[in-house]
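Observations on the model geometry
Letter by letter, the chains look like this.
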Amino acid sequence: MTASDYTPPKVWTWNKASGGRFANINRPIAGPTHEKDLPVGRHPLQLYSLGTPNGVKVTVMLEELLALGHAGAEYDAWLIRINEGAQFSSGFVDANPNSKIPALVDHSGGKPVRVFESGAILVYLAEKFGAFLPTEPAARAETLSWLFWQMGSAPFLGGGFGHFYAYAPTKIEYAIDRYAMEVKRQMDVLDRRLAETPFVAGEEYTIADIAIWPWYGQLAKGLLYEAGEFLEVHTYTNVVRWSEQLFERPAVKRGRMVNRVTGDPASQLRERHEASDFDTKTEDKLAKPA
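**Details of the pairing of strand 1 (residues 45–49)**
Counting buried residues along strand 1, five of its five residues qualify, which places the element largely inside the surrounding structure. Summarising the sheet, strand 1 and strand 2 (residues 75–79) pair through five bridges and their orientation is parallel. By the bridge assignment for strand 2, glutamine 46 is matched with aspartate 76. Note that the unit made of strand 1, helix 1 (residues 53–67) and strand 2 has a crossover that is right-handed.

What follows is the structure, encoded as structure tokens:
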């Protein structure tokens, strides 16, 4: 059956695999599939994540906070292999009933506080440490508006364009065209904004930049879905300028390494428990000799 001769039934039923790269973990029901507690390290902040764009947001934020001298932002980052269904363990579902990375549990108070959804985690950490979120009303509103722009827009880039361009079992012209058009529109929105200001929310680096860069900044550098040429990302010159500027920040470089499982082994710090792990526990250093 081709895409053109499919007629949806009156009632959808889950009776076959969905196909594509993540078919083995896709299902139409929530809740845990197996019992397993989450590990807990020695730091107050426990992060359960993977080095996807949404995961990178939080590790960059934590590394930026540490770079500012906020010792309370020390954290343990545990690897959640979503391709193996680790997000459906009972412990992870307790931390995030939506079974998506990242999830943060803050043990610094009398009772652990769970925070899920990457945007919520960024706001929580910004307010907890008083950083990267302005308090002046207009500047705060601008920052939160761009943060939620990213939260609302990125699914069109990831689950829309990325899925149909890179992961779907068949290439569907209509779907790729539909989402490529939207992603290019979003890049134009961002490019026009960054023609006016050095950072997304204005003159200062904020959680808006931290949220947007792992998606649109990495896209502008040709690092997502091998789609840089297809989308002509180099034409969004203001996004490229901003992306390269953020990429040079040491905390961004470190945050991008945490919970990473692909690419150069030297860029992969699969779990992070101490700042020294960046120097001693990347995959190139842990690899056993042949």
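**So, the environment of serine 49**
Examined against the element boundaries, serine 49 turns out to sit in strand 1. The spatial distance from the C-alpha of serine 49 to the C-alpha of arginine 81 is 8.1 Å, given a sequence separation of 32 residues. Setting aside residues no more than four positions away along its own chain, serine 49 makes contact with Gly55, Trp78, Leu79, Ile80, Ile101, Pro102 and Asn259.

**Concerning helix 1**
Its 15 residues give helix 1 an end-to-end C-alpha distance of 21 Å, which sits within 8% of 21 Å, the value for a rise of 1.5 Å per residue. With respect to burial, helix 1 is a largely interior element, 13 of its 15 residues being buried. Just beyond helix 1, the residue with positive phi is glycine 69, at close to 100°.

**Describing the nonpolar core**
Among the nonpolar cores identified, the biggest contains 64 residues, and Leu125 and Trp242 are the most heavily contacted of them. The element that contributes the greatest number of residues to this core is helix 6 (residues 207–220), accounting for ten residues. With near-sequence residues (within four places) excluded, tryptophan 242 lies in contact with Leu190, Leu194, Pro198, Phe199, Val200, Asp209, Ile212, Trp213 and Gly217. Grouped together as the second largest cluster of nonpolar side chains are eleven residues, Tyr48, Ala95, Ile101 and Val105 included.

**Some details on the sheet that holds strand 1**
With mixed pairing, the four strands of this open sheet are ordered in space as 2-1-3-4. The outermost strands of the open sheet, each flanked by one partner alone, are strand 2 and strand 4 (113–116). In this sheet, neighbouring strand axes are inclined to one another by 20° on average, regardless of whether the strands run parallel or antiparallel. By the bridge criterion, four bridges tie strand 3 (residues 103–106) to strand 4 in an arrangement that is antiparallel. Bridging across to strand 4, aspartate 106 finds its partner in valine 113.

**Thoughts on the environment of leucine 269**
Residue position: leucine 269 is located in the loop between helix 9 (250–257) and helix 10 (277–280). For the pair leucine 269 and leucine 219, spaced 50 residues apart in the sequence, the C-alpha separation amounts to 22 Å. Not counting the four nearest positions on each side in its chain, leucine 269 is found in contact with Met257, Val258, Asn259, Arg260, Asp277, Phe278, Lys281 and Thr282.

Quick notes on the rules
- Residues numbered from 1 in each chain as written.
- Predicted model: local features only at pLDDT ≥ 70, side-chain atom pairs only at ≥ 80, totals over all residues.
- Heavy atoms only, no water.
- Buried < 20%, exposed > 50% of the residue type's maximum accessible area, 1.4 Å probe, protein only.
- Helix = DSSP H or I, 4+ residues; strand = E, 2+ residues; numbered from the N terminus.
- Pairing = 2+ DSSP bridges.
- Right-handed = clockwise from strand over helix to strand, strands pointing away.
- Contact = heavy atoms within 4.5 Å.
- Expected span 1.5 Å × (residues − 1).
- Core = buried A, V, L, I, M, F, W, Y, C linked by side-chain atoms within 4.5 Å.
- Axes fitted to C-alpha atoms, helices over the stretch in contact; angles between N-to-C directions.

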